[in-house]
Amino acid sequence: AATLAVADRIAAASEACYRGFVTDDAAFDLWFRAVTPIDVIERMQIGARPIVRPGMEGLAGLRSVPWVFAWTQNRMLLPGWFGSGSGLRAVIAEFGSDEVRRAIRSWPFLRQLIDDLEIMLAQTDLDIAAHYAALAGEASGSFFERVREEYARAVAAVLEIKECHELLDDERTQQRALALRNPYVDPMHLMQVDLLRRWRAKGAQDRELFEALLASINGIAQGLQ
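Each chain carries its own residue numbering, running from 1 in the direction its sequence is written. In keeping with the predicted nature of the model, local features appear solely for residues at pLDDT of at least 70, side-chain atom pairs appear and are counted solely at 80 or more, and the whole-chain, interface and lining totals rest on all residues. As a convention, hydrogens and water are excluded, and side-chain values are obtained from all of the structure's heavy atoms.

## Some details on the side chain of Ser216
(1) Moving on: Only DSSP runs of H or I with at least four residues qualify as helices, and only runs of E with at least two residues qualify as strands; both kinds are numbered from the N terminus onward. In this structure, Ser216 sits in helix 13 (residues 207-224).
(2) Moving on: Residue burial is assigned from relative accessible area. The probe radius is 1.4 Å, only protein chains are included, and a residue is buried under 20% of its type maximum, exposed over 50%, and partly exposed in between. With a relative accessible area of 1%, Ser216 lands in the buried category.
(3) Moving on: We call two residues in contact whenever any of their non-hydrogen atoms come within 4.5 Å of each other. Beyond its immediate chain neighbours, meaning those up to four positions away, Ser216 contacts Gln73, Met191, Gln192 and Leu195.

Here's what the structure looks like:
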């Protein structure tokens, strides 16, 4: 019962944070469209179904695969972790770190969830993401600052629960793999940001820039595996 209470508290607080940030309104939609290459992805064929649900507009009409894929491209990986920091902080405040650790040890599902979350946080790179955030200009508002705050909250909570100093300290192979892979993928992100800026400045009509963007999207997807 105590373990379920811990999980319920994490879920409720995380969902509230996520839904409070990811809202289907004009301001967030403008920011999302500016800081991700979703306008390129919409022109790609991903899977058998249309990327946007027929008869629907905005975030409500966007299917989950392009939504997650777009956030992967800019290294925010937002759907994989946003809200978890608030959820973990809430459960630590209510139950204490020791009880949260006990719940995680006793329930393999919860343990795997925290492990997966740690990997998502380790793969996220907000220094790279900041270059994409700059594409939003005045539309950025406080969105990226909120991303930074929630990311810091999530990392701190995971490290406290796992009693580690760095992410993936207990998964050295994965830690090394990320450290070796990132320097090769990072330049592709910077190139993609430049291509997006130039392509959008030309009204998203330049075919050569579009082909280059497709190559950058495929390259980043393969690089991040």
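Don't stop here, the text continues.
## Some details on the packing of aromatic side chains
Any two aromatic rings considered together are summarised by their centre-to-centre distance and by the angle between their planes.
(1) Moving on: A pair of Phe, Tyr and Trp rings is counted when the ring centres sit within 6.5 Å of each other, with Trp represented by its six-membered ring. The angle between the planes then sorts it: under 30 degrees is stacked, over 60 is edge-to-face, the rest tilted. Per the stated rule, a full pass over the model turns up 15 aromatic pairs.
(2) Moving on: Judged by centre distance (5.7 Å) and plane angle (50°), the rings of Trp81 and Phe82 are tilted.
(3) Moving on: On the basis of relative accessible area, Trp81 is assigned to the buried category, the value being 1%.

## Comments concerning unusual backbone geometry
(1) Moving on: Look at Leu168: it is not a glycine, yet its phi comes out positive at around 65°.
(2) Moving on: Turning to its location among the elements, Leu168 is positioned in the loop between helix 11 (143-162) and helix 12 (172-201).
(3) Moving on: Among the residues examined, Leu168 registers a relative accessible area of 2% and is labelled buried.

## Some details on the packing of helix 9 (residues 108-123) against helix 11
(1) Moving on: A fitted line through C-alpha atoms serves as each axis, taken over the contacting stretch for helices, and the angle formed by two N-to-C directions is quoted from 0 to 180°. At a closest axis distance of 11 Å, the pairing of helix 9 and helix 11 adopts a crossing angle of 135°. When the interaxial angle is binned, helix 9 and helix 11 end up oblique. Considering only the axes of helix 9 and helix 11, their crossing is left-handed. Contact residues: helix 9 offers Ile114, Asp115, Leu117, Glu118 and Leu121, while helix 11 offers Tyr151, Ala154, Val155, Val158 and Lys162.
(2) Moving on: Basically, the charged four are Asp, Glu, Lys and Arg, the nonpolar ten are Ala, Val, Leu, Ile, Met, Phe, Trp, Tyr, Cys and Pro, and anything else, Gly included, counts as polar. Per-class residue counts for the contact of helix 9 with helix 11 are seven nonpolar, no polar and three charged. Here roughly perpendicular refers to angles of 65 to 115 degrees, roughly parallel to angles under 35, roughly antiparallel to angles over 145, and oblique to all remaining angles. Handedness of a crossing follows from how the near helix is turned relative to the far one, being left-handed for an anticlockwise turn of less than a right angle and right-handed for a clockwise one.

## Structural notes on helix 1 (residues 2-21)
(1) Moving on: For a helix, the expected span equals 1.5 Å multiplied by the number of residues minus one. Under the 1.5 Å per step criterion, the end-to-end length of helix 1 is 29 Å for 20 residues, consistent within 8% with the ideal 28 Å.
(2) Moving on: Buried residues belonging to helix 1 abut helix 2 (26-35), helix 6 (78-81), helix 7 (84-95), helix 8 (97-106), helix 9 and helix 11.

## Details of the pattern of salt bridges
(1) Moving on: Each reported salt bridge corresponds to a side-chain nitrogen of Lys or Arg within 4 Å of a carboxyl oxygen of Asp or Glu. Following the criterion strictly, the structure yields 18 salt bridges and no others.
(2) Moving on: The salt bridge partner of Arg9 is Glu94, with a shortest N-O separation of 2.7 Å. Taken together, the residues span a long stretch of sequence, with Arg9 in helix 1 and Glu94 in helix 7 at a distance of 85 residues.
(3) Moving on: The exposure class assigned to Arg9 is partly exposed, which follows from its relative accessible area of 30%.
(4) Moving on: For Glu163, the salt bridge is made with Arg101, and the minimal N-O distance between the two is 3.8 Å. Note that Glu163 is positioned in the loop between helix 11 and helix 12 and Arg101 in helix 8, a separation of 62 residues in sequence.
(5) Moving on: Judged by relative accessible area, Glu163 falls into the exposed class, the value being 60%.
(6) Moving on: Judged by its relative accessible area of 14%, Arg101 is buried.

## Here's the deal with the environment of Gly141
(1) Moving on: As for its position among the elements, Gly141 is in the loop between helix 10 (126-133) and helix 11.
(2) Moving on: In the structure, Gly141 is positioned 113 residues away from Phe28 in sequence and 9.5 Å away in space, judged by C-alpha atoms.

## Comments concerning the environment of Phe143
(1) Moving on: With respect to the helices, strands and loops of the structure, Phe143 is situated in helix 11.
(2) Moving on: Note: C-alpha distance between Phe143 and Arg33 (110 residues apart in sequence) is 13 Å.
(3) Moving on: With sequence-adjacent residues up to four places away left out, Phe143 is seen in contact with Phe21, Ala27, Phe28 and Trp31.

## Things to note about the packing of helix 1 against helix 11
(1) Moving on: It is the contact of helix 1 with helix 11, at a shortest axis distance of 12 Å, that shows an interaxial angle of 165°. Here helix 1 lies roughly antiparallel to helix 11, going by the angle between them. The crossing of helix 1 and helix 11 is left-handed. In this structure, helix 1 uses Cys17, Gly20 and Phe21 to contact helix 11, whose residues at the interface are Phe143, Arg146, Val147 and Glu150.
(2) Moving on: Of the residues contributing to the contact of helix 1 with helix 11, the split by class is four nonpolar, one polar and two charged.

Don't take any of this as a statement about function, it's just geometry.
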